[in-house]
Amino acid sequence: MVKLAEWRGKELFRKYGIATPKGTVVRSADEAERLVRSGGVPLPCVVKAQVLAGGRGKGGAVRFATTPEEARAAAEAILSLTLDGQPVRELLLEGKVNLSRELYVSVALDRTARLPILITSGQGGVEIETVPDEQIARQRIDPFPGLALYACRNAARSLGLSGAAAGDLTGLLRALYRLFDQEDAELVEINPLGLVGEHLIALDAKVIIEDDASFRHREYAEIRDDRTPLEEIAREKEIAFVQLEGNIGVIANGAGLTMATLDVLKEFGGEPGVFLDLGGTDDPKKVTEAFLLMAQARPKAVFLNIFGGVTRCDTVAKGLVEAMQTVPSSERFPLVARIRGNNEAEGIAILRAAGVTSVPDLRASAQAVVAEAGRVA
Amino acid sequence: MVKLAEWRGKELFRKYGIATPKGTVVRSADEAERLVRSGGVPLPCVVKAQVLAGGRGKGGAVRFATTPEEARAAAEAILSLTLDGQPVRELLLEGKVNLSRELYVSVALDRTARLPILITSGQGGVEIETVPDEQIARQRIDPFPGLALYACRNAARSLGLSGAAAGDLTGLLRALYRLFDQEDAELVEINPLGLVGEHLIALDAKVIIEDDASFRHREYAEIRDDRTPLEEIAREKEIAFVQLEGNIGVIANGAGLTMATLDVLKEFGGEPGVFLDLGGTDDPKKVTEAFLLMAQARPKAVFLNIFGGVTRCDTVAKGLVEAMQTVPSSERFPLVARIRGNNEAEGIAILRAAGVTSVPDLRASAQAVVAEAGRVA
Amino acid sequence: MSVLVDHDTRVLVQGITGHQGTVHTRAMKEFGTQVVAGVTPGKGGSTVEGVPVHDDVLSAVRASRANASVIFVPAPFAKDALIEAVDAGIRLCVLVTEHIPFHDMLVMYHYARSKGARIIGPNCPGIASPEKAKVGIIPNVVFRRGRVGVISRSGTLTYEIVNGIKEHGLGQSTCIGLGGDPVVGTSFVDALPMFEADKETDLLVMVGEIGGTAEEDAAEEIRARFTKPVVAYIAGRSAPPGKRMGHAGAIISRGKGTAATKLAALEHAGAKVARFPYEVPEMVAEIARKLERR
Amino acid sequence: MSVLVDHDTRVLVQGITGHQGTVHTRAMKEFGTQVVAGVTPGKGGSTVEGVPVHDDVLSAVRASRANASVIFVPAPFAKDALIEAVDAGIRLCVLVTEHIPFHDMLVMYHYARSKGARIIGPNCPGIASPEKAKVGIIPNVVFRRGRVGVISRSGTLTYEIVNGIKEHGLGQSTCIGLGGDPVVGTSFVDALPMFEADKETDLLVMVGEIGGTAEEDAAEEIRARFTKPVVAYIAGRSAPPGKRMGHAGAIISRGKGTAATKLAALEHAGAKVARFPYEVPEMVAEIARKLERR
């Protein structure tokens, strides 16, 4: 899941022929002032924080400027902000657009129908979740034969567009769908889509690219998104790793089992801090890597919950013990294990030799790890 | 149906990433010599007549040259040829390629399956119609999801290609299918497809573009093909008009009825010279245009066979009488009419007033027009 | 029910406000067909020949319970019109439009098929079942109710033949003009089983043309499974190779699609083969007499 | 026949010469499955675990009369492998491969559907019916023949639950791992009618996760048409919004796909809802006892 910053999304839009305001991304107040002074962005202009957090408008992260000095001041103010924990590092400066209406359009995935879905609403400029359902039009798109003309006409009608604006919408929707399809997007959203005279212009861009298609989209590999640095490392090592708010690390195998383990912990008063899914692997090297990654997240305690189905408990245990020996003593953490299934006895024996006890009951083991985390704190 | 000259086909090939020999089209022996002298085409080279007739090899329309003088001589010789009634006006000069094998690949339409079909054969360089069926592999292509990788692998196996050459083939076939699809082609054929080391190179190009898709392919509108000048005019006026070998012109409405009329004429010893299908029209202006076009083909006699279904006999007759008055007396021809169906009586009356008799029986009317044509000769 | 259409057929006209749409809406109504709705984007709310016009097919279908559509939309927009009809639940679409690129038809055919919808055409006159319903532009005058089924790749030639059958005192069960394009939604092979199953058809007239192998495929189907008498005619015996004879599909290419092979295949399959169009009604009348005598 | 597989299932392994392909060919054979052929392009003529390997699926199907396929082909080539299987006439395809782009799955799903083929997965362990056949990678050890059906979006969690059911002295009729991706070939809603119809299933365990609305859709289907007892568990109650929890499909986005709404829907539909995985076997055992007493 690569969420593109607004300015990157708009670059993609232009590549596909979707109109956007004239704009440039800058990284300092100096740059912002120079850009405006040189006429690189027309005045009055908008200065927008380029972060992936929502609700920028309320946080003062979007400001207007009518002079180069004002642009500088706006840039300075915004660059000093931290939104949803993310410091603002990039700004998008754009000419201000005088629009007559704010609309909403997006293409997303309809999981139930297994089809892309075109969503349009005349109520743009607000979060689509807050718009009443009857003011939203949804049309499924069959990838064969693609977005139909009639669906574009229906969309125009639902948005109250006719004549040249309806024609413009057809072109825009076809481009939007092409982008969704060809860039392997999960979501392409324009909110608001501005109506200026009889033309449509994308005032914002929300584009999320699917990770799994990265083998055909190397161009997104370098783009930073909202992952934590550890999540980024995990991604490179192909380990399913999610950082959460709590202090107990969970290592399990299989996404469902890992989630269930988190749920059980929480139920017994624990606060999960890391979700680490080993997946189907029992490669000791991978287990070691996962364990070291966990150590870097500095959990108060770690809960290892393995069910050996395809995976063998003994090889997982072996990898774990190896890893434990590599972790510097300053970074060590209490470990509670529960190992069941395939080669269970061998796995338990290996862990026991390394001083780790396996508690077979999920309830009891969860309680044990919650207690450990509490003790450390 | 726009048949592209070889050099145009190869231009398209290069656009889609299909390798061709380095070559240039010229229109005179001077140009040919200069091209070779300047190194624009490497030596030794091939000089090929650019006409749409088949069997160029036998007619001396493909020659080799190892010096600029030889290229000039070859060009002169070929430019003096007339192939299948077409004088040679363009030559393609290409570097000679040292190939190890000649293969055949094409994409065409399988009408029965309503699918594109990929045809491959290890026996390239000869007309595919002469290759035994068991040496030809045919695979249907579903436009959704498109040409499958496995079909390319199958094709490679059938051609005896492996390793890098098989990889090259996959790229080539995908390009070929993309061309077929995106250019609205009826046929894309490479024969021979040369194997040079582990690479494939298109030594000839046969591309036929569909007429009906011209609304999205304006680029083909100007390309002359093998239509006669009158057929070209007819095409612009959207009249179905085909010039044949004989001397009796046939005007009828509907392709099936026009063909059937030709058949009947032939059966009674006539030689049809023009097929003119009025189609569903009874617009007097269009009828007039069609009649004037017929006059330009200088038939010995014309047979008008109209069945009024959707069309009204009287309006057709009206258009015809108007047209007859516009034709200069030197270009007039005997006319035998047969008008049946919708408003038949009115139509017959209009014709009679203009001195044309309608013979209701198809047999009798066909015999009458054959007799007329014989009389004039 | 007769083949494909009957008294329950409720026709939607796509492109109803155009010249052809209007003229044939009237003709279909005169034939006795229930024409229940029309569509022309931007013309919703008006009426044509008393038929309410809608902006889109789904609204039209919801308002009218139309279950068949006839499409007069120009070629560049025909694909979209067909997809709209199929998406709105129409399962029988007659495509009158000519000059639709066959690449579009490939998409339309497979899309319609995947949704269980049938296309007749393109470039075709449609279907008529006398005294029941007509979807398309087959002229009303040549028809008369009877027990002769007709399937054909041509239009006018078929009207002439059907008219001849009428003049012999006989009539038609259902007549389908399949269209003259290389890619058609319904071919002879697809139509044959429907006439085999149709209790209102005693014998079948098949009017083919040069080009493709639709007639050869039909011959194979007739030989294998079709039990009723067939009279066949093939236009284009005298056509030269490589020339497109009026219909996009009527071309002999690379030695394939000649009248000779088609006639041979049909004769081999047991069909009566007519050399001239005027022989068809004569042969039909003779077979009808024999069937009556049984 | 049990659900989807039985003694007549003849399995083809696509990507048989890879590590996973080889390991699971052996495991499937040990389970008692007829593994009749394998495919790896370029490796035709060899054998893996006694199973003949072919270069292409069509040859493999012709030689082996395989009627189901399990696909271990890497994600970039999985789409082509599935299409090849469908084109060769295979009507049940288990996609074990993970990380297939969902845009590819959209194509695969609709293509397979148009040809009447069913996909299980991707990113799934497949199907097993104890003492009959297994297509996929579900571990052999946790199984035992019985009358509990199992459908699940997860792998290991399901093995744990199935193992618990075994420890309660009960067994499974058929177990299907549907896969953890946002677009799956077979969803709960698709699987429910098969278990409803299956005479060998008395009650059903359903293991869901956060993300999407598959469980809500299933609840609707259960309410409307499913008559057997259902025990449901949903993983991810404590997952925060916007984070992908291991499975590509396990994400709460824009407030949709939470465990709470899923649990509520299932409870409303009459399913027994377990709060902890270890409660599932207990609930199953209790229902089984009641069913026995009847």
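As the structure is a prediction and not an experimental result, all values here were calculated from the model.

Peer 1: What am I meant to see in the overall build of chain C here?
Peer 2: Across its full length, chain C carries nine helices and 14 strands. For 294 residues, the compact-globule estimate of 2.2 N^0.38 gives 19 Å, and the C-alpha radius of gyration of chain C, at 18 Å, lies within 12% of that figure. Projecting the C-alpha coordinates of chain C onto the three principal axes gives extents of approximately 55 × 45 × 30 Å. Taken over 294 residues, chain C has a buried fraction of 65%. The contacts of chain C with a sequence gap of at least 6 include a subset with a gap of at least 24, amounting to 73%. Considering chain C, the positive charge centre built from 34 side chains and the negative charge centre built from 31 side chains are found 2 Å apart.

Peer 1: Help me understand the interface of chain A and chain D in this model?
Peer 2: The parts lose accessible area when they come together, and the size of an interface is often stated as this lost area. Listed as interface residues are 51 residues of chain A and, on the opposing side, 58 residues of chain D. Here chain A and chain D share 11 salt bridges between them. One salt bridge connects D:Asp104 with A:Arg216, and the closest N-O pair in it is separated by 2.8 Å. Between the two partners, chain A and chain D, sit 25 residue pairs in polar contact (both at pLDDT 80 or more). In the side of chain A that touches chain D, the residues fall into 26 nonpolar, six polar and 19 charged.

Peer 1: For this particular structure, what's the right way to read the packing of helix H2 (residues 29–37) of chain B against helix H3 (residues 68–79) of chain B?
Peer 2: Each packed pair of helices is defined by two parameters, the angle between the axes and the distance between the axes. Residues and elements named next belong to chain B. Axis separation between H2 and H3 bottoms out at 8 Å; the angle between their running directions is 155°. The angle between H2 and H3 places the two elements in the roughly antiparallel class. The element H2 and its partner H3 pack so that their crossing is right-handed. Residues Ala-29, Asp-30, Ala-32, Glu-33, Val-36 and Arg-37 of H2 lie in contact with H3, whose contacting residues are Pro-68, Glu-69, Ala-71, Arg-72, Ala-75, Glu-76 and Leu-79.

Peer 1: Help me understand the domain arrangement of chain C, please; the structure alone is not making it clear to me.
Peer 2: Residue and element names in this part refer to chain C. Segmenting chain C into domains produces domain 1 (10–120) and domain 2 (139–293). For domain 1 versus domain 2, the distance between C-alpha centres works out to 26 Å. Each side of the interface is counted separately: domain 1 has 11 residues, and domain 2 has 11 residues. When domain 1 packs against domain 2, the two sides together hide about 940 Å² of surface, and 60% of this comes from carbon and sulfur. Of all residues in domain 1, Phe-31, Arg-118 and Ile-120 bury the most surface against domain 2, accounting for 47% of the area lost on that side. Inspection of the region where domain 1 meets domain 2 yields zero salt bridges. Taken together, the links from domain 1 to domain 2 amount to three residue pairs in polar contact (both at pLDDT 80 or more). Mapped onto the side of domain 1 that touches domain 2, the elements with two or more residues apiece are helix H1 (19–31), helix H4 (102–114) and strand E7 (118–120). The leading source of residues in the side of domain 1 that touches domain 2 is H4, at four residues. Its residues placed into classes, the side of domain 1 that touches domain 2 shows nine nonpolar, no polar and two charged.

Peer 1: Explain the pattern of salt bridges here, please?
Peer 2: Residue and element names in this part refer to chain B. Inspection of the entire model under this criterion finds 88 salt bridges over all chains. For Glu-90, the salt bridge is made with Arg-27, and the minimal N-O distance between the two is 2.9 Å. Here Glu-90, found in the loop between strand E6 (86–87) and strand E7 (91–95), pairs with Arg-27, found in the loop between strand E2 (23–26) and H2; they are 63 residues apart in sequence, far enough to count as distant. By relative accessible area, which is 18% here, Glu-90 ends up buried. As a salt-bridge pair, Arg-72 and Glu-33 come within 2.7 Å of each other at their nearest N and O atoms. Residue Arg-72 is located in helix H3, and its partner Glu-33 is located in helix H2; the two are separated by 39 residues in the primary sequence. By relative accessible area, which is 26% here, Arg-72 ends up partly exposed.

Peer 1: Would you mind going over the domain arrangement of chain A with me for this structure?
Peer 2: What the domain assignment reports for chain A is domain 1 (22–95), domain 2 (101–216) and domain 3 (229–376). The straight-line distance from the C-alpha centre of domain 1 of chain A to that of domain 2 of chain A is 27 Å.

Peer 1: Whenever I open this one, the side chain of A:Arg340 confuses me. Can you help?
Peer 2: Structurally, the position occupied by A:Arg340 is in strand E18 (residues 335–341). A relative accessible area of 16% places A:Arg340 in the buried class. The residues contacting A:Arg340, other than those within four sequence positions of it, are A:Ile306, A:Phe307, A:Gly308, A:Cys313, A:Pro360, D:Asn163 and D:Glu167.

Peer 1: I tried to follow the interface of chain A and chain C on my own but got confused; where do I start?
Peer 2: Every contact between the two is made by nine residues of chain A and, on the other side, 12 residues of chain C. Taking both partners together, chain A and chain C bury about 950 Å²; carbon and sulfur atoms supply 62% of that area. Area buried by chain A at its contact with chain C is led by A:Phe144, A:Pro145 and A:Tyr150, which between them contribute 51% of it. For the interface between chain A and chain C, the tally reads four salt bridges. A:Arg157 is paired through a salt bridge with C:Asp56; the nearest N and O atoms lie 3.3 Å apart. Taken together, the connections running from chain A to chain C amount to five residue pairs in polar contact (both at pLDDT 80 or more). For the side of chain A that touches chain C, the per-class residue count stands at five nonpolar, one polar and three charged.

Peer 1: Before we go on, may I ask you to explain the side chain of A:Thr170 in this structure?
Peer 2: Residue and element names in this part refer to chain A. With respect to the helices and strands, the residue Thr-170 is situated in helix H5 (residues 163–182). What makes Thr-170 buried here is its relative accessible area of 15%. Residues in contact with Thr-170, not counting those within four places in the same chain, are Leu-149 and Cys-152.

Peer 1: Would you explain the pairing of strand E4 (residues 51–54) of chain D in this entry?
Peer 2: Side chains on a regular strand alternate between the two faces of the sheet. Residue and element names in this part refer to chain D. Sheet topology note: the strand E2 (residues 34–39)/E4 ladder contains two bridges and is parallel. Paired with Gly-38 across the bridge in E4 is Val-53. Sheet topology places strand E3 (residues 47–48) next to E4; two bridges connect them, and they run antiparallel. The residue of E4 that forms the bridge with Val-48 is Val-51. Hairpin geometry of E3 and E4 is characterised by an intervening segment of two residues between the two adjacent antiparallel strands and by a positive phi of about 55° at Glu-49.

Peer 1: What is the right way to look at the sheet that holds strand E14 (residues 240–243) of chain B in this model?
Peer 2: Strand order in the open sheet made by the five strands is E14-E16-E15-E17-E18 (chain B), with mixed pairing throughout. The open sheet terminates on both sides in strands that have one partner only, identified here as E14 and strand E18 (335–341) of chain B. Direction aside, neighbouring strands of the sheet carry axes that sit 10° apart on average. Sheet topology note: the E14(B)/strand E16 (residues 272–277) of chain B ladder contains four bridges and is antiparallel. Looking at E16(B), one finds that B:Val242 is bridged to B:Phe275. Running over the sheet, helix H5 (residues 156–167) of chain C touches strand E17 (301–308) and E18 of chain B and is turned about 65° from E17(B).

The rules behind each value
- Residues numbered from 1 in each chain as written.
- Chains lettered and ligands numbered in written order.
- Predicted model: local features only at pLDDT ≥ 70, side-chain atom pairs only at ≥ 80, totals over all residues.
- Heavy atoms only, no water.
- Helix = DSSP H or I, 4+ residues; strand = E, 2+ residues; numbered from the N terminus.
- Rg over C-alpha atoms; globule rule 2.2 N^0.38 Å.
- Buried < 20%, exposed > 50% of the residue type's maximum accessible area, 1.4 Å probe, protein only.
- Contact = heavy atoms within 4.5 Å.
- Lys, Arg positive; Asp, Glu negative; His and termini not counted.
- Charge placed at Lys NZ, Arg CZ, Asp CG, Glu CD.
- Salt bridge = Lys/Arg side-chain N within 4 Å of Asp/Glu carboxyl O.
- Polar contact = N/O pair within 3.5 Å; in protein donor to acceptor, adjacent residues only side chain to side chain.
- Nonpolar A, V, L, I, M, F, W, Y, C, P; charged D, E, K, R; others polar.
- Axes fitted to C-alpha atoms, helices over the stretch in contact; angles between N-to-C directions.
- Parallel < 35°, antiparallel > 145°, perpendicular 65-115°, else oblique.
- Left-handed = near helix turned anticlockwise from the far one by under 90°.
- Domains from an automatic or database assignment.
- Buried area = accessible area lost by both parts, 1.4 Å probe.
- Pairing = 2+ DSSP bridges.

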